[in-house]
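A structural walkthrough
The residues making up each chain are set out below.
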Amino acid sequence: MALSTRPIAVAAGLLAGLALTACSGLTPSTNGDSGDQLVLRVQGKPSPTDKAALDQFDRLVAEFEKQNPGIKIEGTENKWDPLTFATKLAGKSIEDVIQAPLTEPPGLIARKQVQPITGPLKSWNHYQEFNPQVLKVLSDSAGDVYGVPLAPFAQGLVYNRKLFTQAGLNPDKPPTTWDEVRAAAKQIAEKTGKAGFVHESKGNTGGWQLTMGTYSRGGSMESEQGGKYVASFNSEPTKSALTWLQTLRWSDNAMGQNHLVDQDDVVKQFAAGQIGMFMGTPGTYRLAKMKFGLKNTADYGITSLPQSGGSATLAGADVFMVPASVSKEKAEAAVKWLLFAYIEPQFDPQVAAERAKELAANPEAAVGVPTLPLFSAAQQEKINAATKPYVNVELENFKPWLDGTAKLQLQPEPPVAAQKVYTILDTVVQSVLTKRDADIAALLAKAEADVNKVLAAEQK
Amino acid sequence: MTTALATRPETPAAVPEPPVRRRRAAGVRRELVGVLFLLPALVIFGLFSWWPILRGLLISFQQTNLVDPATWVGLENFRALTEDPLVGTAVQNTLLFVGLGLLIGFPAPLILAAVMSTIRRGAGVYRVLVYLPVVIPPVVAILLWKWFYDPGSGLFNTLLGQIGLGPYPWLQSSDTAMLSLVLESTWAGMGGAVLIYLAAMTGIPAELYEAAETDGASMWKRIWHIMLPQLRPVIGLLLLLQLLSTVQVFTEPYIFTQGGPDNSTVTVLLLIFRYAFQDGEYGQAAALSVLLAIVLAVLSAIYLRLTRSWSTS
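Residues numbered from 1 in each chain as written. Chains lettered and ligands numbered in written order. Predicted model: local features only at pLDDT ≥ 70, side-chain atom pairs only at ≥ 80, totals over all residues. Heavy atoms only, no water.

- Per an unreviewed UniProt entry, chain B goes by the name Multiple sugar transport system permease protein and belongs to Kribbella caucasensis.
- Per UniProt, chain B has the following entry under Sequence similarities (unreviewed entry): "Belongs to the binding-protein-dependent transport system permease family." (UniProt positions renumbered as here; feature names shortened; annotations may be inferred.)

- You'll find chain A entered in an unreviewed UniProt entry as ABC-type glycerol-3-phosphate transport system substrate-binding protein, with Kribbella caucasensis given as the organism.

As for the overall build of chain A
- A count of helices and strands for chain A gives 18 helices and 12 strands.
- A compact globule built from 460 residues should have a C-alpha radius of gyration of about 23 Å, and chain A, at 25 Å, falls within 12% of that.
- Each of the three principal axes of chain A carries a C-alpha extent, and together these read 90 × 55 × 50 Å.
- Across the 460 residues of chain A, 53% fall into the buried class.
- Relative to all contacts within chain A whose residues are 6 or more apart in sequence, the contacts with residues 24 or more apart total 78%.
- Split by element, the accessible area of chain A, about 19,500 Å² in all, is 53% carbon and sulfur.
- Taking the average place of the 46 positive charges on the side chains of chain A and the average place of its 48 negative ones, the gap between the two points comes to 3 Å. (Helix = DSSP H or I, 4+ residues; strand = E, 2+ residues; numbered from the N terminus. Rg over C-alpha atoms; globule rule 2.2 N^0.38 Å. Buried < 20%, exposed > 50% of the residue type's maximum accessible area, 1.4 Å probe, protein only. Contact = heavy atoms within 4.5 Å. Areas by Shrake-Rupley, 256 points an atom, 1.4 Å probe, with all protein chains shown as cover. Lys, Arg positive; Asp, Glu negative; His and termini not counted. Charge placed at Lys NZ, Arg CZ, Asp CG, Glu CD.)

Overview of the domain arrangement of chain A
Residues and elements named next belong to chain A.
- For chain A, the assigned domains read domain 1 (38-153 + 317-360) and domain 2 (155-316 + 403-458).
- Once you take the C-alpha centre of each, domain 1 and domain 2 turn out to be 29 Å apart.
- Buried area between domain 1 and domain 2, summed over both chains or domains, comes out near 1,000 Å², and the portion from carbon and sulfur atoms is 61%.
- By the criterion of area lost to domain 2, the three top residues of domain 1 are Thr103, Gln133 and Phe153, representing 56% of everything that side buries.
- Where domain 1 packs against domain 2, one counts 0 salt bridges.
- For the side of domain 1 that touches domain 2, the element with the most residues is strand β4 (residues 147-154), which contributes 3 residues. (Domains from an automatic or database assignment. Buried area = accessible area lost by both parts, 1.4 Å probe. Salt bridge = Lys/Arg side-chain N within 4 Å of Asp/Glu carboxyl O.)

A closer look at the interface of chain A and chain B
- Listed by partner, the interface residues are 41 residues for chain A and 43 residues for chain B.
- Run the count over chain A and chain B and you get 2 salt bridges.
- A salt bridge links Glu281 of chain B to Lys420 of chain A, with the nearest nitrogen and oxygen atoms 2.6 Å apart.
- Those elements that provide at least two residues to the side of chain A that touches chain B are α1 (2-26), α3 (82-90), α17 (418-434) and α18 (440-458) of chain A.
- Residue composition of the side of chain A that touches chain B, by class: 17 nonpolar, 14 polar and 10 charged. (Nonpolar A, V, L, I, M, F, W, Y, C, P; charged D, E, K, R; others polar.)

What about the packing of aromatic side chains?
- Evaluated as defined, the whole model comprises 39 aromatic pairs over all chains.
- Centroid distance Phe64 of chain A to Trp337 of chain A: 5.4 Å. Interplanar angle 80 degrees. Geometry classified as edge-to-face. Note that Phe64 of chain A is positioned in helix α2 (residues 51-67) and Trp337 of chain A in helix α13 (residues 328-347), a separation of 273 residues in sequence. Of the two residues, Phe64 of chain A and Trp337 of chain A, both sit in the buried class.
- Aromatic side chains Phe45 of chain B and Trp50 of chain B sit 5.5 Å apart centroid to centroid with 20 degrees between the ring planes, which places their arrangement in the stacked category.
- With relative accessibility at 45%, the residue Phe45 of chain B sits in the partly exposed group.
- Linked through ring pairs, Trp145, Trp147, Phe148, Tyr149, Phe156, Tyr168, Trp170, Trp187 and Phe256 of chain B together constitute an aromatic cluster. (Phe/Tyr/Trp six-rings, centres within 6.5 Å; stacked < 30°, edge-to-face > 60°.)

Focus on the confidence of the model for chain A
All names here are of chain A.
- Confidence along chain A averages 88 in pLDDT terms, with 92% of residues attaining 70 or more.
- This stretch, residues 1-5, has a pLDDT under 50; its non-local contacts, to residues over four places away or in other chains, come to 3 contacts.
- Counted against residues more than four places away or in other chains, residues 7-31, with its pLDDT under 50, gives 25 contacts. (pLDDT = per-residue confidence, 0-100.)

Quick look at helix α4 (residues 85-105) of chain B
- Between its terminal C-alpha atoms α4 of chain B stretches 29 Å, which fits the 30 Å expected from 21 residues at 1.5 Å a residue.
- Taken together, the buried positions of α4 of chain B are occupied by Leu86, Val87, Ala90, Asn93, Thr94, Phe97, Val98, Leu100, Gly101 and Gly105 of chain B. (Expected span 1.5 Å × (residues − 1).)

Observations regarding the environment of Leu95 of chain B
Residues and elements named next belong to chain B.
- Tracing the chain through its elements places Leu95 in helix α4.
- Classification of Leu95 as exposed rests on a relative accessible area of 57%.
- Sequence separation between Leu95 and Leu243 is 148 residues; the distance between their C-alpha atoms is 10.0 Å.

Side note on the UniProt feature "transmembrane region" (unreviewed entry) in chain B
- With numbering aligned to this structure, UniProt lists the feature "transmembrane region" (unreviewed entry) at residues 32-53, 95-116, 128-148, 187-209, 230-250 and 285-304 of chain B.
- Secondary structure across residues 187-209 of chain B divides into 87% helix and 0% strand, with the first and last C-alpha atoms of the span separated by 30 Å.

Some thoughts on the packing of α4 of chain B against helix α5 (residues 107-117) of chain B
Residues and elements named next belong to chain B.
- Interaxial distance between α4 and α5 falls to 5 Å at its minimum, and their mutual angle equals 10 degrees. Here α4 lies roughly parallel to α5, going by the angle between them. Taken together, the residues of α5 that come into contact with α4 (itself represented by Leu102, Leu103, Ile104 and Gly105) are Pro107, Ala108 and Pro109.
- Residue composition of the contact of α4 with α5, by class: 6 nonpolar, 1 polar and no charged. (Axes fitted to C-alpha atoms, helices over the stretch in contact; angles between N-to-C directions. Parallel < 35°, antiparallel > 145°, perpendicular 65-115°, else oblique.)

Set out below in structure tokens:
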């Protein structure tokens, strides 16, 4: 009898222990609140390698908690990660504030995986002063706003000033048209042996950059017909952008040898001095310096997106959003945090100056990388004047971008299923870059048919 | 009376037999113990294997954003798959990977094991060298090979350039990208198979070879008529295991090429990944997973059938 009950007890004990462990591991973090305090888990905490920004983040959290005793901020270094987002969302373990690139909001909004924050955002005194163009890309058709941007950018042309000089080009007069880019790329390749110009092509970046090329030639990716969006890229501007690439790749041989690359690959090679030019935002300065170790930051130059028949560029930014699974109470607290941490320094010159001063205390930080005005241009001028003493980036090397972009129209991503459209167009760009005899007309016709199928399914 | 006495059963008083109720209780208790010991494994399997499988099956008939309640859409997700031209491309590419894997990746460890079995001195060193790639994390190995394949400064083109060959585009061309993936995965995965073949080869009785040698059989005849038939069960087993793993190829195309160039390395699993994590089409991803699972189930059934027949033969 004793022998037979012991195994039962052991097994039951094991099971109980396992069940407890499993339960503790599987229980969703509910709201993680302690007592009366509301715990807000936010993405956007800088990595330990960016010590200056991390110190500033910690100071901001302390100050915010002092001003809002009922809210406790828990920062995470996580950023938008498609691999874990859906799982964390379903398991209700996603942070209460997420940080994603501007390519993501349309999909997240369409799938209702993020929630509108229009209400709490409107209660801010200066809501009406937001640049409507910037908020438009974060809104749905009903006008509800789903996020706030951190430093809005416009795509431009990043170039290596040192390679320009070595190739006999004037780095203070960067190319303004695609013909000039081609000539410069050819010259860089011939004189230095490096890639003159590199176009991204994988992980949807090929379609994304083709969109930039199309906008700058006066084209569009999608257009509205009878209340529904259809593909509009099978037209002269996109054809011209692809033909230009084909010539640069196969006739001029000025694009290096690696043609299956994404943004990280390109910036890494750029930081190593292997690339003359690529399409990107001023944010790539930070990426090149902090992540890929660009030694001589004075080599970094950026100008506005070259134009050939268009007068437009693609907007870009990192944005903060609130997942749909977050409670209303937390969403309100999240907006409070976003206004305090990210929006006020882009509006209030005094706050901007204080933040810039703190950051500039560490020479490793990049202070003053220009952005587009989140409010009016006049407000941005005030901010620029207030932060000027603390700027440690070579502002003069960003001047061509600032001057040129002011004259361009900011275009958003394609309105419907942008990522799916980019996936299909990646293939077109890859074909042009890897097949000498690629038939551009046939490739675009097939891509148009494929995209129209996707768009039709999305707009059912 | 006598008859009655004669047919009387053995008296229970001498060896007391437990009553039926008590015997049953002991049996139930024994079973309960078994079930209790089994429960932890059942709970773990249930939570982390069976429930996700069941949930995946359900999602394949639903439309969901994983936040709001899902809506039932019948076979809509499966119908959407038939309309996506990439599904056909992904199936073709996966079959190409499987085929190239059979052509290159399957015989390579067998040949290597046959050669290594003849080496007497330093055999251990060779075994370690062959097995080493298996120990390297797959992502590290792939990133390493990405540099090997670099068309400009990569190891392969530099070495081949020394003897006047190339440069070859490797991952940069839709004609050679899949082959490049197969070469890496063969290198990375063959260590285990080589060791299994070597172990099986040591199990072949030496007398068979000696007898054949005495009869004047050449080396090829000895391989063909002795070694290969003796290794048949192992070859069959490894063949099916390779088929099962190559049908599910993901890491290589994901890290090397992300499906490019020109969709030439988009595989079924990479497409499932794109549906779920890029497009947020969880229903479509689940539907394609269900179809893939059916194919894998068929392959597994063949595997079980064959291994059963081999073990009885």
